[in-house]
Amino acid sequence: MPHYKLALLGFGNVGQAFARLMLNKRADLGRDYNLTFSVTGLATGRHGSAINLNGLDLEKALAIMAGGGSLNELSKDDLPLDSIDFIRRCGAHVLFENTPVNYQSGQPAVSHLRLAIESGMHAITANKGPVVHAYQELTELASRKGVKFFFESTVMDGAPIFSLYRETLPAAQIRSLRGVLNSTTNLILSRMETGESFDEAVAYAQKTGIAETDPSGDIDGWDAAVKVSALSTVILGVPLQPDQVDRRGIRDITPSDIQRARLEGGRWKLVCSAVRDGDQVQGKVAPEIVDQNSPLYGVEGTTSIVQFESDVLGLLSIIEANPGPDTTAYGLFADLLNAVRAH
């Protein structure tokens with residue numbers, strides 16, 4: 001029975017949800033997939049790091065994080081000097097890179113993943129930056145090293161977007177995509193339909209943890225633009241940088257705009273789209289009024305949808321209802337199984 005050593009660079013909400021999922025699925029992994037695992041490294045930005053090549057106590061690590069303590073106390077080896085030292089010394093077969101996204105360059109996540117792959121590790125991430133800034137490089141490097149670079153959780157959390165295309169749509173040519181890909185803006189617009197102001201809806205999203213303290217990455221369309229870039233780069237096969245996406249957020253949508261749309265039988269959505277034209281892709285993120293005939297109309301709250309147009313299946317839609325850290329964690333979990341089974 002093969003045994004896989006895992007390391008998590010980034011152990012926030014998603015990393016902890018992934019750890020709980022791995023613990024819950026331990027028996028299933030042994031019975032159904034004939035594999036066992038241990039976590040040999042955990043690294044955080046504010047709660048210390050730990051390395052133990054014989055395996056860390058994952059339940060104790062989760063308890064420490066819940067209590068606001070430091071993971072340093074779990075380490076049986078010298079503490080890593082930095083993230084690069086952590087990757088070099090963690091002794092893992094698989095690295096999960098879940099550090100905060102950098103929209104402009106994808107760093108330092110790109111360097112983390114590159115080093116992991118060069119060291120012979122499967123590299124799995126929920127970070128969109130490396131996909132839009134280094135997809136081709138990291139994919140080709142992983143192929144040469146005989147490992148996998150997977151990133152299912154970067155768009156629509158754990159919904160099978162990239163693996164669906166990779167595994168089940170052979171020779172399909174994706175011509176365009178359209179959808180609602182940013183949960184925060186969709187929640188804000190849904191709350192405004194109930195009579196809340198823009199500021200009140202943003203505050204609610206922040207209070208519930210859906211929006212960041214600085215929500216500009218969502219409400220100004222940057223998160224959505226990065227997702228359009230990732231989908232174009234991987235699925236449409238045309239590299240597209242976020243600043244090449246025609247981008248406009250929802251900051252200027254007013255309650256009167258919301259009510260006018262409702263009176264006309266429509267709803268405002270922050271719509272993401274990408275259309276392939278030969279060797280080029282036109283990417284766009286902008287608020288639109290969609291009518292009741294649109295599959296985007298019924299997507300409320302934090303639910304997301306993407307619709308692909310291909311040469312073989314016509315229109316194919318995927319909807320993910322009200323995702324959270326657990327669904328993002330499942331994307332990491334699925335990537336792990338897909339990586340080790342293909343290895």
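First, a word on what this report is: a plain description of the structure on this page. If you're wondering where the values come from, they're calculated on a predicted model, not measured in any experiment.

**Some thoughts on the packing of helix 5 (residues 109-118) against helix 6 (residues 128-145)**
Contact pair helix 5 / helix 6: the axes reach a minimum separation of 10 Å and the direction vectors enclose 5°. Considering the angle they form, helix 5 stands roughly parallel to helix 6. Where helix 5 approaches helix 6, its residues A109, V110, L113, R114, I117 and E118 are matched on the opposing element by P130, A134, E137, L138, L141, A142 and K145. Considered class by class, the residues forming the contact of helix 5 with helix 6 number nine nonpolar, no polar and four charged.

**So, the pattern of salt bridges**
For the structure on display, the rule yields 14 salt bridges. Close ionic contact of K25 with D28 constitutes a salt bridge, the shortest N to O distance being 3.7 Å. You can call D28 partly exposed: its relative accessible area is 24%. Beyond isolated ion pairs, a larger network of salt bridges with shared partners links K25, D28, R31 and D32.

**Digging into the side chain of S294**
With respect to the element layout, S294 can be found in the loop between strand 10 (280-291) and strand 11 (304-310). Residue classification places S294 among the buried positions, given a relative accessible area of 17%. Within polar-contact distance, the side chain of S294 engages the backbone nitrogen of L296 at 3.1 Å.

**Brief notes about the side chain of E152**
Residue placement: E152 occurs in the loop between strand 6 (149-150) and helix 7 (162-168). The buried charged residue E152 lacks any salt bridge, with R166 as its nearest oppositely charged partner at 5.1 Å. Polar side-chain contacts of E152 include one of 2.9 Å to the backbone nitrogen of F162. If near-sequence neighbours (up to four positions away) are discounted, E152 is found in contact with T125, D157, A159, P160, I161, F162, S163, G331 and D335.

**Points about the pairing of strand 1 (residues 3-9)**
With five of seven residues buried, strand 1 is to be regarded as a mostly interior element. Relative to strand 2 (residues 36-43), strand 1 runs parallel, the two being bridged by seven bridges. Of the residues in strand 2, the one forming a bridge with Y4 is F37. Summarising the sheet, strand 1 and strand 4 (residues 94-97) pair through four bridges and their orientation is parallel. Of the residues in strand 4, the one forming a bridge with L6 is V94.

**Quick word on the sheet that holds strand 2**
Ordered in space as 3-2-1-4-5-6, the six strands form an open sheet in which the pairing is mixed. Here the strands that pair on one side only, and so sit at the sheet edges, are strand 3 (49-51) and strand 6. Pairing analysis gives two bridges linking strand 5 (residues 122-125) to strand 6, with the strands arranged parallel. If you follow I124 over to strand 6, its bridge partner there is F150. Each of strand 1, strand 4, strand 5 and strand 6 is contacted by helix 13 (residues 325-342), which is oriented at about 160° to strand 5, the strand it contacts most.

**Considering the sheet that holds strand 12 (residues 314-320)**
An order of 8-10-9-7-11-12 is seen for the six strands of this open sheet, with the pairing classed as mixed. Edge positions in the open sheet fall to strand 8 (246-247) and strand 12, since each of these has one partner strand only. Taken together, the six bridges between strand 7 (residues 174-180) and strand 11 define a ladder with antiparallel strand orientation. Bridge pairing in strand 11 places S176 opposite E309. Sheet strands in contact with helix 12 (residues 255-263) are strand 9 (266-277) and strand 10, and its direction is about 85° off that of strand 9.

The rules behind these values
Residues numbered from 1 in each chain as written. Predicted model: local features only at pLDDT ≥ 70, side-chain atom pairs only at ≥ 80, totals over all residues. Heavy atoms only, no water. Axes fitted to C-alpha atoms, helices over the stretch in contact; angles between N-to-C directions. Helix = DSSP H or I, 4+ residues; strand = E, 2+ residues; numbered from the N terminus. Parallel < 35°, antiparallel > 145°, perpendicular 65-115°, else oblique. Contact = heavy atoms within 4.5 Å. Nonpolar A, V, L, I, M, F, W, Y, C, P; charged D, E, K, R; others polar. Salt bridge = Lys/Arg side-chain N within 4 Å of Asp/Glu carboxyl O. Buried < 20%, exposed > 50% of the residue type's maximum accessible area, 1.4 Å probe, protein only. Polar contact = N/O pair within 3.5 Å; in protein donor to acceptor, adjacent residues only side chain to side chain. Lys, Arg positive; Asp, Glu negative; His and termini not counted. Pairing = 2+ DSSP bridges.

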